[in-house]
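Fold and geometry: a report
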Amino acid sequence: MKRRLGQRPLPAPLARRACAAALQLAGSFWLAACGNASWDGVDEAVVRRVAEDAGRHDTGPLFAGLEGDLLLFAFLWAGLLAGFALGYFSRVLFVERAGAPAGKAGGEGLRAD
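Residues numbered from 1 in each chain as written. Predicted model: local features only at pLDDT ≥ 70, side-chain atom pairs only at ≥ 80, totals over all residues. Heavy atoms only, no water.

1. Topic: the overall build of the protein
Counting its regular elements, the protein contains 3 helices and 0 strands. Taken from the N to the C terminus, the helices and strands of the protein come in the order α-α-α. Looking at the protein as a whole, 1% of its 113 residues qualify as buried. (Helix = DSSP H or I, 4+ residues; strand = E, 2+ residues; numbered from the N terminus. Buried < 20%, exposed > 50% of the residue type's maximum accessible area, 1.4 Å probe, protein only.)

What follows is the structure, given as structure tokens:
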């Protein structure tokens, strides 16, 4: 393989494998060391503590009937409907102009140069 001026040679395949193995080993040790640690979410670690300090209590979930995958499914449909509505109505801002027919782009006849 020819080397161009100013390019560093690629490390040998053995060196690349050794680096990858060292990174995997370090990651394994890190996961083993942190595996038993408690990873509280923001709700438990911050919000609940601040609310208790302010004298507020937990009122329960906003969507009490939706749990687990049903809640995810509801948010999926809400996102799909909102995306469709935003996409449909954004055509008024970016494609159609007042007084121009809906089939033609608003900037016809104008030159950019």
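2. As for a nonpolar patch on the surface
Together, L70, F73, L76, W77, L80 and L81 line one region of the surface with nonpolar side chains, adding up to about 630 Å² of accessible area. Positionally, L70 belongs in helix α3 (residues 69-94). (Patch = residues over 30% accessible without salt bridge, like charges linked within 9 Å, V, L, I, M, F, W, Y side chains within 5 Å. Areas by Shrake-Rupley, 256 points an atom, 1.4 Å probe, with all protein chains shown as cover. Salt bridge = Lys/Arg side-chain N within 4 Å of Asp/Glu carboxyl O.)

3. Overview of the environment of L66
The topology assignment puts L66 in the loop between α2 (42-53) and α3. Dropping the residues within four chain positions of it, L66 is found in contact with L71 and A74. (Contact = heavy atoms within 4.5 Å.)

4. Here's the deal with the confidence of the model for the protein
When pLDDT is averaged across the protein, the result is 75; 69% of the residues are at 70 or more. At the level of individual helices and strands, the protein shows its lowest average pLDDT in helix α1 (residues 13-34), which scores 79, and its highest in α3, which scores 89. (pLDDT = per-residue confidence, 0-100.)

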